[in-house]
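One-letter residues, chain by chain:
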Amino acid sequence: MSLALLLGCSYLVWVLQRPFLPGTPALLGSGFLWLSRRSSWKESIRFILIQNRAGKTRLAKWYMQFDDDEKQKLIEEVHAVVTVRDAKHTNFVEFRNFKIIYRRYAGLYFCICVDVNDNNLAYLEAIHNFVEVLNEYFHNVCELDLVFNFYKVYTVVDEMFLAGEIRETSQTKVLKQLLMLQSLE
Amino acid sequence: MDSVKQSAALCLLRLYRTSSDLVPMGDWTSRVVHLLNDQHLGVVTAATSLITTLAQKNPEEFKTSVSLAVSRLSRIVTSASTDLQDYTYYFVPAPWLSVKLLRLLQCYPPPEDPAVRGRLTECLETILNKAQEPPKSKKVQHSNAKNAVLFEAISLIIHHDSEPNLLVRACNQLGQFLQHRETNLRYLALESMCTLASSEFSHEAVKTHIETVINALKTERDVSVRQRAVDLLYAMCDRSNAPQIVAEMLSYLETADYSIREEIVLKVAILAEKYAVDYTWYVDTILNLIRIAGDYVSEEVWYRVIQIVINRDDVQGYAAKTVFEALQAPACHENLVKVGGYILGEFGNLIAGDPRSSPLIQFNLLHSKFHLCSVPTRALLLSTYIKFVNLFPEVKPTIQDVLRSDSQLRNADVELQQRAVEYLRLSTVASTDILATVLEEMPPFPERESSILAKLKKKKGPSTVTDLEDTKRERSVDVNGGPEPAPASTSAMSTPSPSADLLGLGAAPPAPAGPPPSSGSGGLLVDVFSDSASAVAPLAPGSEDNFARFVCKNNGVLFENQLLQIGLKSEFRQNLGRMFIFYGNKTSTQFLNFTPTLICSDDLQPHLNLQTKPVDPTVEGGAQVQQVVNIECVSDFTEAPVLSIQFRYGGTFQNVSVQLPITLNKFFQPTEMASQDFFQRWKQLSNPQQEVQNIFKAKHPMDTEVTKAKIIGFGSALLEEVDPNPANFVGAGIIHTKTTQIGCLLRLEPNLQAQMYRLTLRTSKEAVSQRLCELLSAQF
């Protein structure tokens, strides 16, 4: 009962909001983790994160090899960078030797970490595309849906992004595939 | 089926990125390229990503993809909104696919085939036209998607850099975005314009927006946007607008974020020098720079201003006067004191005529700051004082009093004390002639490349702005020397050309630490660092000791200097071995072009097989990289391979060579045996060539346990109770090589009274006995 109450408190209504605009920059100094030493390629997604305002990670998809403690550190840093920004900031932040393209939807931050050469607006809209698919799939999605069906969320991610590249962009096709997979269960 | 193709293409991409040689490209090229024609746009999306990566490695193979990509792109861009049902996103047809296709096209130069070229140009024009049309939807998603394609198209136009009207149109479009409501667009426009500024066709067009950019600099609320504005100002700067831009950047500097100040300082310094028509302006700018952001003015900047002042007679008087006035401010930055001290020391006589800046006043002014300064500055001021003694005999007694005071003569700092003592003596003992010769005015510095650019490049890393500098310099004509992408400079000294730009190309070795005290007779400044990327440097000093240490042990630090630490960890089994070499960067700056090479001399080559994989050529500050060396002993050998490491640190080449301690005894396998066996074999190896004996003085204290440990470390088995004399050490083992195995027996007899040893080695091969004896004798 109390659990339901607790969950009820954290129940968030999902509203697809307009993007918030630029804010204070956070040019992070180059930390000891020099991320590019492990990859020689230059244009792709490094990781995708969904975090809530409090810092809890709802989804973390990594397209590059990191140790667990490095992952934790990255998650904390991304959270620190992204939550201080508000409407007057851009949706793009320089992060170590990459950049993060993020957008806030209600209490969740969707962050995609890409290389500096990548097209910002394309990835910004890729986030939105992804969110729209989630919305369709979960019928007015909210944070709780992501919490309880995290495995399904990963399926959606894998339909739309693979190997650090955008895989499928058609919402109809993705949903068709997802429904097919769902029917197999 | 299509879904499988999509996933397969991206999987292949991932595999390719992990190890590119695994993928057999030859046969698969046509199949992969054919995917671009697929009906399913998802497949095309995945395939495009794959081809883009593959084409970067083998552009020739995938040339055919260009025309397919162009036709695909033009079909998408010109499609009506009812086609491409599934892939239309907020009234924009297949935006992500368009972006990917445009990205693919950026891997190639403009297509040669005129038909393809024409189609591409049409396509780009259509995209640019669409940007001008009224939007089909009020939603931000629509405009973002449309603009994503637009920015990528502009990026392609810039990359091709061949169609002037496209470039100009792109520039105008970006100009419109500069004043857009959305900050995202303003940010991206500033960024794109930065790259546009370097192209000769659009440079003028970019300059027209200078007012908007300056306005952005003043009014933007997001610091990263302001930063882009600064970058753009730097990129669009040329002779016509330099004073304005420098002034704007200086005023921005006063309120800039601390983290970016140093970069702005460097940029201002570079611009001021490059576009200075009137060097008095340059001097003013630098002094202003020091006044506003003194802490962030790095050494290179103020060395440069001094070099320039010394090289240009016309500006010397002005510099002296300005510096004098600047020093009168109640609180000046230490860098200003340094610059002021140096300039007054050299050229104070030029303003000494004016009663307001008489020698005594100059001296008092400098001395009033003396106690506020750090040690290097004080050292510099002491040099200035002795120069004053030469220039102005009337202040000699005053200065001598200062030098004579205990706080100088007995100063805790050695440098200051030395200078005070020597200068005092010099002033008392030397006649005026000698004094004049010793303290003659500094001769002009040889014209050399500016180290400021190197510093800026280092700071920014491989970013667009500094690459921009490269392309800019490649196009500019009035710089001395031919175009040469930094940092591949081969000679530090270019021939002096008095009226040419001092700003040159390439990275130069930084000026020697601090302007040298003028007590040296005027000679050319000698490069402190050698810039030649020559062949193997002579072996680093001290490497002999380290080498000997490694004979009996396998792990430890092989070499260390201020920049680099080399550690080793090795293990051997029979005739094979593996060595891990750890290179640690002890500094906070990255090493570039880091290449360690293993060199086996011709004699050594047939006997020892070394295999290693190349190391990442960039070593970050504080990082450690590892290199694995696989070793195989083919037959016995005497020499040791040499590890030669070359890298760039800062602007200089570094060359380190150490001997790699791969010695014959590493392949020594201990063999236990009983006393009888030992003596039997000992008699078998009674041939005089097979025995080598050495009698030598002990270098280290003769401790039994230590000796035993060393023998075991050497690789031999220590046999107890074999020798009738219990003080003697006896060992046996087998040297494993690929071709043969050589049995070895050794006996070490210590003589404690004489502090000497007699070492006898018997093996079936003379050379082996010789070498092992050598190696082992050195250990004791």
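Here the structure is a predicted model, which means the values were calculated and not measured.

Participant: Would you mind going over a negative patch on the surface in detail, with residue names and values included?
Facilitator: On the surface, Asp278(B), Asp313(B), Asp314(B), Glu440(B) and Glu441(B) cluster together into a negatively charged patch. Counting through the fold element by element, Glu441(B) comes out in the loop between α24 (432-438) and α25 (451-460).

Participant: I'd like a rundown of the packing of helix α19 (residues 359-370) of chain B against helix α21 (residues 396-404) of chain B, residues and numbers included.
Facilitator: Residue and element names in this part refer to chain B. Contact geometry of α19 with α21 gives a least axis separation of 10 Å together with a crossing angle of 20°. Classified by the interaxial angle, the pair formed by α19 and α21 is roughly parallel. The way α19 lies across α21 gives a crossing that is left-handed. Contacts between α19 and α21 involve Leu360, Phe363 and His367 on the former and, on the latter, Thr398, Ile399 and Val402.

Participant: Report on the sheet that holds strand β3 (residues 92-95) of chain A, specifying residues and quantitative values.
Facilitator: In any sheet, the strands associate via hydrogen bonds between backbone groups, in a parallel or an antiparallel arrangement. Residues and elements named next belong to chain A. The strand order across the open sheet formed by 5 strands is β2-β1-β5-β4-β3, and the pairing between neighbours is antiparallel. At either margin of the open sheet sits one strand with a lone partner, and together these are β2 (57-62) and β3. On average, each strand axis in the sheet is inclined to that of its neighbour by 20°, with strand direction left out of account. Bridge count for β3 against strand β4 (residues 98-105) is 4 bridges, and the pairing is antiparallel.

Participant: I'd like to hear about the interface of chain A and chain B, residue by residue, with values.
Facilitator: Where interface size is given, it is often the accessible area lost as the parts come together that is meant. Chain A puts 46 residues into the contact, and the matching count from chain B is 44 residues. Between chain A and chain B lies a buried interface of about 3900 Å² when both sides are counted; carbon and sulfur atoms form 53% of it. By the criterion of area lost to chain B, the three top residues of chain A are Leu121(A), Glu125(A) and Arg167(A), representing 16% of everything that side buries. On the surface where chain A and chain B come into contact, there are 6 salt bridges. A salt bridge links Glu165(A) to Arg17(B); its shortest N-O distance comes to 3.0 Å.

Participant: Before we move on, can you summarise the environment of Ala235(B) with the specific residues and values?
Facilitator: Structurally, Ala235(B) can be placed in helix α12 (residues 223-236). Taking the C-alpha atoms as reference, Ala235(B) lies 9.3 Å from His203(B); in sequence the two are 32 residues apart.

Participant: Residue-level account of the sheet that holds strand β5 (residues 576-585) of chain B, with values.
Facilitator: Residue and element names in this part refer to chain B. One open sheet accounts for 5 strands, arranged β3-β4-β5-β8-β7; its pairing is antiparallel. One side of each edge strand has no neighbouring strand; the edge strands of this open sheet are β3 (555-560) and β7 (608-612). Averaged over neighbouring strand pairs, the angle between their axes works out to 25° when direction is ignored. Here strand β4 (residues 564-573) pairs with β5 via 10 bridges, running antiparallel. Pairing of Ser570 across the sheet is with Met579, part of β5.

Participant: Let's hear about the nonpolar core: which residues, and what values?
Facilitator: Ranked by internal contacts, the top residues of the largest apolar core, which has 203 residues, are Phe130(A) and Phe161(A). Built from parts of two domains, this core gets at least three residues from each of domain 1 (1-108 + 135-145) and domain 2 (276-454) of chain B. Ignoring anything within four residues of it in the chain, the contact list for Phe161(A) reads Ile45(A), Ile48(A), Tyr63(A), Ile112(A), Ala126(A), Phe130(A), Ile166(A) and Arg167(A). The next biggest cluster of nonpolar side chains, apart from the first, holds 57 residues, and it includes Met579(B), Val625(B), Val658(B) and Val692(B).

Participant: Could you give an account of the state of the cysteines, naming the residues involved and the relevant values?
Facilitator: Tallied over the full model, the rule gives 0 disulfides over all chains. Free of any disulfide, Cys332(B) has its nearest neighbouring cysteine sulfur in Cys373(B), separated by 8.3 Å.

Participant: Give a description of the confidence of the model for chain A that names residues and reports values.
Facilitator: Chain-level statistics for chain A give a pLDDT mean of 82 and a share of 78% at 70 or above. Low confidence marks residues 4-34 of chain A, where pLDDT is under 50. Its contacts with residues over four positions away, or in another chain, come to 84 contacts.

Participant: Any details on the packing of aromatic side chains? Residues and values, ideally.
Facilitator: Counting across every chain of the model gives 28 aromatic pairs over all chains. An angle of 70° between the planes, with centres 6.1 Å apart, marks the rings of Phe130(A) and Phe161(A) as edge-to-face. Of this pair, Phe130(A) sits in helix α3 (residues 120-138) while Phe161(A) sits in strand β6 (residues 161-162); the two residues are 31 residues apart in sequence, bridging distant segments of the chain. Take Phe130(A) and Phe161(A): they sit in the same class, and that class is buried. Residues Tyr258(B) and Tyr296(B) carry aromatic rings whose centres are separated by 6.3 Å and whose planes lie at 20° to one another, so their mutual orientation is stacked. You can see Tyr258(B) sitting in helix α14 (residues 258-274) and its partner Tyr296(B) sitting in the loop between α15 (279-293) and α16 (299-311), a full 38 residues away along the chain. Residue Tyr296(B) is classed as partly exposed on the basis of its relative accessible area, which comes to 24%. Among the aromatic side chains, those forming a connected cluster through ring pairs are Tyr583(B), Phe591(B), Phe594(B), Phe647(B) and Tyr649(B). Looking at Lys267(B), its charged tip hangs above the ring of Tyr234(B), at a distance of 5.3 Å from the centre.

What counts, and at which threshold
- Residues numbered from 1 in each chain as written.
- Chains lettered and ligands numbered in written order.
- Predicted model: local features only at pLDDT ≥ 70, side-chain atom pairs only at ≥ 80, totals over all residues.
- Heavy atoms only, no water.
- Patch = residues over 30% accessible without salt bridge, like charges linked within 9 Å, V, L, I, M, F, W, Y side chains within 5 Å.
- Areas by Shrake-Rupley, 256 points an atom, 1.4 Å probe, with all protein chains shown as cover.
- Salt bridge = Lys/Arg side-chain N within 4 Å of Asp/Glu carboxyl O.
- Lys, Arg positive; Asp, Glu negative; His and termini not counted.
- Charge placed at Lys NZ, Arg CZ, Asp CG, Glu CD.
- Helix = DSSP H or I, 4+ residues; strand = E, 2+ residues; numbered from the N terminus.
- Axes fitted to C-alpha atoms, helices over the stretch in contact; angles between N-to-C directions.
- Parallel < 35°, antiparallel > 145°, perpendicular 65-115°, else oblique.
- Left-handed = near helix turned anticlockwise from the far one by under 90°.
- Contact = heavy atoms within 4.5 Å.
- Pairing = 2+ DSSP bridges.
- Buried area = accessible area lost by both parts, 1.4 Å probe.
- Core = buried A, V, L, I, M, F, W, Y, C linked by side-chain atoms within 4.5 Å.
- Buried < 20%, exposed > 50% of the residue type's maximum accessible area, 1.4 Å probe, protein only.
- Domains from an automatic or database assignment.
- Disulfide = S-S within 2.5 Å.
- pLDDT = per-residue confidence, 0-100.
- Phe/Tyr/Trp six-rings, centres within 6.5 Å; stacked < 30°, edge-to-face > 60°.
- Lys NZ or Arg CZ within 6 Å of the ring centre and 35° of its normal.

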